[in-house]
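Structural description and commentary
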Amino acid sequence: MNVDSLKKGIVIDHIKAGSCMDIYKYLELDKMDCSVAIIKNAKSNAMGKKDIIKVEGLLDIDLDVLGFIDCNITVNIIDNGNIIEKKKLTMPEIIRNVVSCKNPRCITSIERGIEQVFKLTDKEQHTYRCVYCEQKYEQK
Amino acid sequence: MKHIITPLDLSIKEMDSYLDLADRIMAAPKKFSHVCDGKKLATLFYEPSTRTRLSFEAAMLNLGGSVLGFSSSESSSATKGENVADTIRVISSFADICAIRHPKEGAPMVAAQYSKIPVVNAGDGGHQHPTQTLTDILTIRALKGRLQGLTVGLCGDLKFGRTAHSLITTLARYANIRFVLISPLELKIPDYIRDTTLIQKNIPFQEVERLENIIGDLDVLYMTRVQRERFFNEEDYVRLKDSYILDMAKMNLAKKDMIVLHPLPRVNEIATEVDQDPRAVYFEQVQYGVYIRMALIMKLLEVDDIER
């Protein structure tokens, strides 16, 4: 499968196969006007299969969201057809309004206007917990 | 300005200073009877409570202050749909300090984010209950003489039992503490306590289902009630409510100097025959609760220097 190279934009590479639509949703790419190419199950020497997202025209994305989902993802910034920067991802200490707490006993289930805030509590296990009720966020 | 939302909002040093102040109050309560003259405590109780609310109110009245508030969500604007953030903004104009109990976990943290006055968590759902923990550790320190080197058994509903969560979190910071967690499989401690408080910090603990097998090892036994209000399903409550009943037959297997605590209310998890045993200290514990809340109010209102 061929997708034309970007002149200017972002390539999100080394996405775990099957996760690209989660990233599409978290980055709210559906709300943008620019062209977005989603490549599923591309061959990868390192990963076997991987997903890739290419976003045309955009040079700035929320790296915290990507770090939260999977900090092994690589982000390449493209300008004039060349990679001008490779962004390194880290797991953010805090994420705001990216995911919601699923605990029906949590105040976030009823309080209007509240921010959804999760805190990294175990880096090795990649554990994020709701700051209000401490329920673990279960990634798919 | 300080809020008390979880027990970890106080360092061990701060907590010790609260306990020391409570000791001083206990020794001479009259000396403190006017230190909060003109100050007001708001008690915002969205969930029923007898002990905690009255204990807070008694504490403020003992200090010369006054109290206002509500004792159920039905008697507040919550029934009109007002959220916690708006309520606390308003209450901040009426009072100098507030204690909030709410059925939803994290509600006091939300209140603290919008409050202009110190907020104290008086129990949030099945999550935390830091002032009960201050009560518990004041009781343990007064009656056992130490908070280190204890084997502490917690028995009953450890899943939704907020008093148990706060007590484990707090005692885990003291040296040579060992926990024995006694509960049915369905009511074991939540993973945030097991993973982040016990396993990550290498605190020794064991999880067992039978109280009589381990009661002889314990220095402190903390009994809890299986709480009907935490269950979405009545059948589960009925099945689990009588999982543990502490009676004299079990007490006879315990050490002579073990103490039995309970945050109250008790339903039937402690047989009334145990009340006569000198090791049953749960009614004394209630009195310690008033002293520590007096100390807490003074510390948060920064009036603790007046008596010295």
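Quick note: structure is the one above.
Residues numbered from 1 in each chain as written. Chains lettered and ligands numbered in written order. Predicted model: local features only at pLDDT ≥ 70, side-chain atom pairs only at ≥ 80, totals over all residues. Heavy atoms only, no water.

With respect to the packing of helix H1 (residues 12–27) of chain B against helix H10 (residues 282–300) of chain B
Residues and elements named next belong to chain B. The condition that has to hold: With axes taken as lines fitted to C-alpha atoms, and helix axes fitted only over the stretch in contact, angles between N-to-C directions fall between 0 and 180 degrees. Runs of E in the DSSP output that reach at least two residues are strands. Runs of H or I that reach at least four are helices, and both are numbered from the N terminus. Left-handed is the label given to a crossing in which the near helix is rotated counterclockwise from the far helix by less than a right angle, and right-handed is the label when the rotation is clockwise. Only heavy atoms enter the contact rule, under which two residues are in contact if any of them lie within 4.5 Å. We call Asp, Glu, Lys and Arg charged. Ala, Val, Leu, Ile, Met, Phe, Trp, Tyr, Cys and Pro are nonpolar, and the rest, Gly among them, are polar.
At a minimum axis distance of 8 Å, the contact between H1 and H10 shows a crossing angle of 115 degrees. Helix-helix and strand crossings are classified by hand; for H1 and H10 the assignment is right-handed. Contacts from Ser-17, Tyr-18, Leu-19, Leu-21, Ala-22, Ile-25 and Met-26 of H1 reach H10 at Tyr-288, Tyr-291, Ile-292, Met-294, Ala-295, Leu-296, Met-298, Lys-299 and Leu-300. Considering only residue class, the contact of H1 with H10 consists of 14 nonpolar, one polar and one charged.

Details of the environment of B:Ser33
Residues and elements named next belong to chain B. Selection criterion: Think of a polar contact as two N or O atoms within 3.5 Å of one another; within protein, one of them needs to be a possible hydrogen donor and the other a possible acceptor, and neighboring residues in sequence only count if both atoms come from side chains.
Looking at where Ser-33 falls in the secondary structure, it is placed in the loop between H1 and strand E1 (40–45). Remark: the alpha-carbon pair of Ser-33 and Met-60, spanning 27 residues in sequence, is separated by 9.3 Å. Residues contacting Ser-33, with those up to four places away along its chain left out, are Asn-62, Leu-63 and Gly-64. Among the polar contacts made by the side chain of Ser-33, one reaches the main-chain carbonyl oxygen of Lys-30 at a distance of 2.8 Å.

Side note on the nonpolar core
Short version of the rule: Within this scheme, the nonpolar core is defined by two criteria: the residues are buried Ala, Val, Leu, Ile, Met, Phe, Trp, Tyr or Cys, and they are joined through side-chain atoms within 4.5 Å. Three exposure classes are used, based on accessible area relative to the maximum for each residue type with a 1.4 Å probe and protein chains only: buried under 20%, partly exposed in between, and exposed over 50%.
Among the nonpolar cores identified, the biggest contains 61 residues, and B:Leu154, B:Leu171 and B:Phe179 are the most heavily contacted of them. Per-element tally for this core: the top contributor is H10(B), with 10 residues.

A word on the interface of chain A and chain B
Selection rule: By buried area we mean the combined loss of accessible area, with a 1.4 Å probe, across both parts when two parts are placed together. Every case where a carboxyl oxygen of Asp or Glu lies within 4 Å of a side-chain nitrogen of Lys or Arg is listed as a salt bridge.
Listed as interface residues are 18 residues of chain A and, on the opposing side, 23 residues of chain B. Between chain A and chain B lies a buried interface of about 1800 Å² when both sides are counted; carbon and sulfur atoms form 46% of it. Taken together, the links from chain A to chain B amount to three salt bridges. Ionic pairing is found between B:Asp191 and A:Arg129, a salt bridge with its closest N-O pair at 3.4 Å. Here chain A and chain B share 10 residue pairs in polar contact (both at pLDDT 80 or more) between them.

Quick notes on unusual backbone geometry
A cis geometry characterises the amide bond from B:Leu264 onward to B:Pro265, with omega recorded as 5 degrees. Here B:Pro265 lies in the loop between strand E9 (259–261) and H10. In this structure, A:His14 takes a positive phi of about 60 degrees despite not being glycine. Its place among the elements puts A:His14 in strand E1 (residues 9–16). Residue class for A:His14 comes out partly exposed when judged on its relative accessible area of 27%. One non-glycine residue, B:Leu264, adopts positive backbone phi at about 60 degrees. With respect to the secondary-structure elements, B:Leu264 resides in the loop between E9 and H10. Looking at B:Leu264, the relative accessible area reads 13%, which means it is buried.

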